[in-house]
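Listed below, chain by chain, are the residues.
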Amino acid sequence: MSHNAESTAFRSALEVIRAVEPRVADAIGAELTDQRESLKLIASENYASPATLLAMGNWFSDKYAEGTVGRRFYAGCQNVDTVEALAAEHARELFGAAHAYVQPHSGIDANLVAFWAVLADRVESPALKKAQVRQVNDLTEADWFALRRELGNQRMLGMSLDAGGHLTHGFRPNISGKMFDQRSYGTDPATGLIDYDRVAEAAREFKPLILVGGYSAYPRKVNFRILREIADSVGATFMVDMAHFAGLVAGKVFTGDFDPVPHAHIVTTTTHKSLRGPRGGMVLCQPELADQVDRGCPMVLGGPLPHVMAAKAVALAEARRPDFADYAQRIVDNSQALAEGLLRRGATLVTGGTDNHLVLIDVSGYGLTGRQAEQALLDSGIVTNRNSVPQDPNGAWYTSGIRIGTPALTTRGLGTAEMDQTAELIHTVLTQTTAGANADGTPSKAKYTLDADLADKIARQATDLLATYPLYPGIDLS
Ligand code: PLP
């Protein structure tokens, strides 16, 4: 792909947008500048390829296509069929999955589709049988009442939020926490690692319908073979949400016991994190759940987003190329180099290191809350996010942790030497930041002091670090 073609494509697009609403064109241009200039260490973000981005900006966005490939509730879906089938085929091939459903609009949607599929598959109910053979719209109020009664009080066992689990794994602010009677498994307080014996014990006591594996902020590999054995021992369906580490599975860094696909009954993911695709979600499953999963629209989802499915097909095709495996390995090499750089300088890391794409710093060692650390780093041009650590005394809002991840910087081309320099910048900011006090003299969890000149100096060093690795080198908007 010539750089010229990419520049021409994006310049022309902005020109067309500018003619209608110049402020939107300006904001799009400004976002590129901001992304180019910031040291992005947000573990859940990445940079999709120009081809993936361009696949989203077109008339596929205009099309309604409820239903599935070849079986739509709207006419004229032949081209949507093509891209949806392609995305699903790439997903199946890439992950070795029996079935792929690429319609979910986001990770949360993918999880809802999966929960409903498991419920529908597992719970014997006359009302539910009716739901399977009839349109949802045909269900009467009485049907819904019967359905809710039959489905009620189903149990989910997932990783606790402060140990790194996700809101959608049964927690109150999310619908999953209202749908399910939830219990969580944590990590060993001494090591920070999942204690599989404790998970087995919790499963035996609680007897969940669904055992959920997967995480947003756990810096280690998970043994999915053992979790499947635990699920089987209590008759639970084993679901894995691999939203964060799908790129490492795709790139064959996580294989054998650490690849969830052969072990789980159902796997959900986002497509925009380490997988480096468009914003969206996906469900992979074993054949017996395929029919239920395919009912995601209209059971849970509205009309699919054909432009995003087109972009998923492009990104998944990219992930099947040999260089994606190299990318995935470099993500982990970089993450480990960052962890080692921080440890060498005296930082405390949850679990003492990492074997995936993310590192969780316990910033209480620097006398800071996660909120103070996050803001001080942002002042210094380093974009991260605060995150709870296990048994966090500061709760989910202020937190005691900073989560950092390497998928985005690895896409730019930064390597292990630059990760060591990044560790130096982070450590300098955190050691030079002091926690502030409230007006009444009590310690503040939000206020902090950081010398503005030092913050500027670090921001310049961060920009220098990035200068050798331009973001979207093929795109020149000037
Ligand atoms: N699952 C996990 C493990 C996540 O980390 C996230 C997002 O952070 C989601 C699901 C939700 O994804 P989305 O924001 O696309 O709904």
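Residues numbered from 1 in each chain as written. Predicted model: local features only at pLDDT ≥ 70, side-chain atom pairs only at ≥ 80, totals over all residues. Heavy atoms only, no water.

### Regarding the nonpolar core
To keep things clear, this is the line we draw: Put simply, a nonpolar core is a bunch of buried Ala, Val, Leu, Ile, Met, Phe, Trp, Tyr and Cys residues held in one set by side-chain atoms that sit within 4.5 Å of each other. Note on classification: 1.4 Å probe, protein chains only; a residue is buried when its accessible area is under 20% of the maximum for its type, exposed when over 50%, partly exposed between these limits. What fixes the domain bounds is an automatic or database domain assignment. Note on contacts: a residue pair qualifies if any of its non-hydrogen atoms lie within 4.5 Å across the two residues.
One finds Phe95, Leu211, Leu227, Met242, Phe245, Leu275 and Leu284 to be the most contacted residues of the largest nonpolar core, which totals 60 residues. Per-domain counts for this core show at least three residues from each of domain 1 (59–319) and domain 2 (323–467). Residues in contact with leucine 211, not counting those within four places in the same chain, are Leu157, Tyr185, Val199, Leu227, Ile230, Ala231, Ala236, Thr237, Phe238 and Met239. With 35 residues, the next largest nonpolar core counts Ile361, Leu368, Ala373 and Ile458 among its residues.

### Some words on the side chain of serine 49
Heads up, the rule is: Each helix corresponds to a stretch of at least 4 residues labelled H or I by DSSP, and each strand to a stretch of at least 2 residues labelled E; elements are numbered beginning at the N terminus. For this analysis, a polar contact is any N or O atom pair within 3.5 Å, provided that within protein one partner can donate a hydrogen and the other can accept it, and provided that sequence-adjacent residues contribute only side-chain to side-chain pairs.
Summarising the element assignment, serine 49 is placed in the loop between β1 (39–40) and α3 (50–56). With a relative accessible area of 17%, serine 49 lands in the buried category. Polar contacts involving the side chain of serine 49 include one to the side chain of glutamate 318, which spans 2.6 Å.

### Concerning the packing of helix α16 (residues 370–379) against helix α19 (residues 416–432)
Defined as follows: As a rule, the C-alpha atoms of each element are fitted with a line to give its axis, helices using only the stretch in contact, and angles between N-to-C directions run from 0 to 180 degrees. An angle counts as roughly parallel when it lies under 35 degrees, as roughly antiparallel when it exceeds 145, as roughly perpendicular when it falls between 65 and 115, and as oblique in every other case. Note on convention: the crossing is left-handed when the near helix lies turned anticlockwise from the far helix by less than a right angle, right-handed when the turn is clockwise. Residues are grouped as follows: nonpolar covers Ala, Val, Leu, Ile, Met, Phe, Trp, Tyr, Cys and Pro; charged covers Asp, Glu, Lys and Arg; every other residue, Gly included, is treated as polar.
Viewed as axis vectors pointing N to C, α16 and α19 meet at an angle of 120°, and their least axial separation amounts to 10 Å. In terms of their interaxial angle, α16 and α19 are classed as oblique. The way α16 lies across α19 gives a crossing that is right-handed. When α16 is examined against α19, the residues Ala373, Ala376 and Leu377 are found in contact with a partner set consisting of Ile426, Val429 and Leu430. Of the residues assigned to the contact of α16 with α19, the class counts are six nonpolar, no polar and no charged.

### A word on the layout of surface pockets
Defined as follows: Grid points spaced at 1 Å over the protein atoms alone were grouped into cavities, where a 1.4 Å probe fits but cannot get out, and pockets, open sets with protein on both sides within 12 Å along at least five of seven lines, with lining residues defined by an atom within 4 Å of a point. Grid points are joined across faces, edges and corners, and a volume is the space filled by probe spheres set on the points.
In this structure, the largest pocket occupies an estimated 870 Å³ of space. In terms of lining residues, the largest pocket is bounded by 26 residues, among which Phe10, Glu31, Gln35, Leu53 and Tyr472 are the most central. Among the secondary structure elements, those contributing two or more residues to the lining of the largest pocket are α1 (3–20), α2 (22–37) and α3. With five residues, the single largest contributor to the lining of the largest pocket is α1. Taken together, the residues of the lining of the largest pocket break down into 16 nonpolar, six polar and four charged. Here the second largest pocket is characterised by a volume of approximately 670 Å³.

### Remarks on the domain arrangement of the protein chain
Size of an interface, as often reported, equals the accessible area lost when the parts are brought together. Quick note on the threshold: The term buried area means the drop in 1.4 Å probe accessible area that two parts suffer when joined, counted for both and summed.
If you check the domain split of the protein chain, you get domain 1 (59–319) and domain 2 (323–467). Placing the centre of domain 1 and that of domain 2 at their C-alpha centroids yields a distance of 31 Å. Across the boundary between the two partners, domain 1 contributes 27 residues, which contact 27 residues of domain 2. The largest per-residue losses of area from domain 1 upon contact with domain 2 belong to Pro219, Arg220 and Arg276, which jointly make up 29% of the total buried on that side.

### Topic: the environment of glycine 67
On the secondary structure map, glycine 67 appears in strand β2 (residues 67–68). Residue class for glycine 67 comes out buried when judged on its relative accessible area of 5%. In this structure, the C-alpha to C-alpha distance between glycine 67 and arginine 295, residues 228 residues apart in sequence, is 7.8 Å. In this structure, glycine 67 is in contact with Arg72, Phe73, Gln103 and Cys297, ignoring residues within four places of it in sequence.

### Let's talk about unusual backbone geometry
A cis amide bond links cysteine 297 to the next residue, proline 298, at an omega of 10°. One can find proline 298 in helix α13 (residues 296–299). Positive phi, close to 60°, is recorded for lysine 252, a residue that is not glycine. Here lysine 252 lies in the loop between α11 (246–250) and β9 (266–270). Backbone geometry places glutamine 391, a non-glycine residue, at a positive phi of 50°. In this structure, glutamine 391 sits in the loop between β13 (385–387) and α17 (395–398).

### A short note on the sheet that holds strand β11 (residues 358–362)
The condition is simple: For two strands to pair, DSSP has to find at least two bridges joining them.
Sheet architecture is open: three strands sit in the order β11-β14-β13, paired in antiparallel fashion. Edge positions in the sheet fall to β11 and β13, since each has one partner strand and no second. With strand direction ignored, the average angle separating the axes of adjacent strands in the sheet is 35°. Contacting β11 and β14 (401–405), helix α15 (residues 322–344) crosses the sheet at an angle of about 20° to β11.

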